[in-house]
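The primary structure of each chain is shown beneath.
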Amino acid sequence: MRIGDAAAAAGTTPRALRFYEERGLLPPPARTAAGQREYGPQAVNRVRVIRALLALGLTVEDLASRSHRLDLLAADPPRSCASEGDFGPDTFAPVIEQRLAALDAEIARLTRLREALARHSGTDIR
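Let me begin by describing the structure that accompanies this report. The structure displayed is predicted, hence computed values, not measured ones. (Residues numbered from 1 in each chain as written. Predicted model: local features only at pLDDT ≥ 70, side-chain atom pairs only at ≥ 80, totals over all residues. Heavy atoms only, no water.)

A surface patch of nonpolar side chains, amounting to about 370 Å² of accessible area, comprises Ile96, Leu100, Leu103 and Ile107. Locating Leu103 in the fold gives a position in helix H6 (residues 93-121). (Patch = residues over 30% accessible without salt bridge, like charges linked within 9 Å, V, L, I, M, F, W, Y side chains within 5 Å. Areas by Shrake-Rupley, 256 points an atom, 1.4 Å probe, with all protein chains shown as cover. Salt bridge = Lys/Arg side-chain N within 4 Å of Asp/Glu carboxyl O. Helix = DSSP H or I, 4+ residues; strand = E, 2+ residues; numbered from the N terminus.)

Okay, here's the thing in structure tokens:
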């Protein structure tokens, strides 16, 4: 399928597909004789996985560093992107741990900010 159809099937835009390709998240697709990109169902599934991981707070850089494992998550049915008990530096585990730590730090910062604001206003609004 052409880029517009693939983008629609994945719930995104042609521009996003080109961006994912440029950033190494999506392998370069086959080209028609006229030079147009041709995507298959596997590429559409991979884009869906990319979008889901980005929506969870991972960054393009996070995904690019583990792009060789994205097809495991895009498989039908999805497979683990780590071997049994494999939490090494090549898996998503370190990336996820870093994102969770960043979220925890931001939650703590916002909690402190909320408490300070409530103290300043003389009320504890919940």
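Moving on from the coordinates now.
Here Ser121 is to be found in helix H6. Of note is the side chain of Ser121, whose polar atom sits 3.1 Å from the backbone oxygen of Ala118. (Polar contact = N/O pair within 3.5 Å; in protein donor to acceptor, adjacent residues only side chain to side chain.)

Note on placement: Ala10 falls in helix H1 (residues 3-10). Taking the C-alpha atoms as reference, Ala10 lies 5.5 Å from Arg48; in sequence the two are 38 residues apart. If we ignore the near neighbours within four places in the chain, the residues touching Ala10 are Val44, Val47, Arg48 and Arg51. (Contact = heavy atoms within 4.5 Å.)

On to helix H2 (residues 14-22), then. Buried within H2 we find Ala16, Leu17, Tyr20 and Glu21. Along the long axis of H2, the arc covered by the buried residues comes to 140°, so they all point the same way. Within H2, the exposed residues directed more than 90 degrees away from the buried face are Arg15 and Glu22. Residues of H2 that are buried sit in contact with H1, strand S1 (30-31), strand S2 (37-38) and helix H3 (41-55). Count one or two residues on from H2 and you reach Gly24, which has phi positive near 85°. (Buried < 20%, exposed > 50% of the residue type's maximum accessible area, 1.4 Å probe, protein only. Arc of directions from axis to C-beta.)

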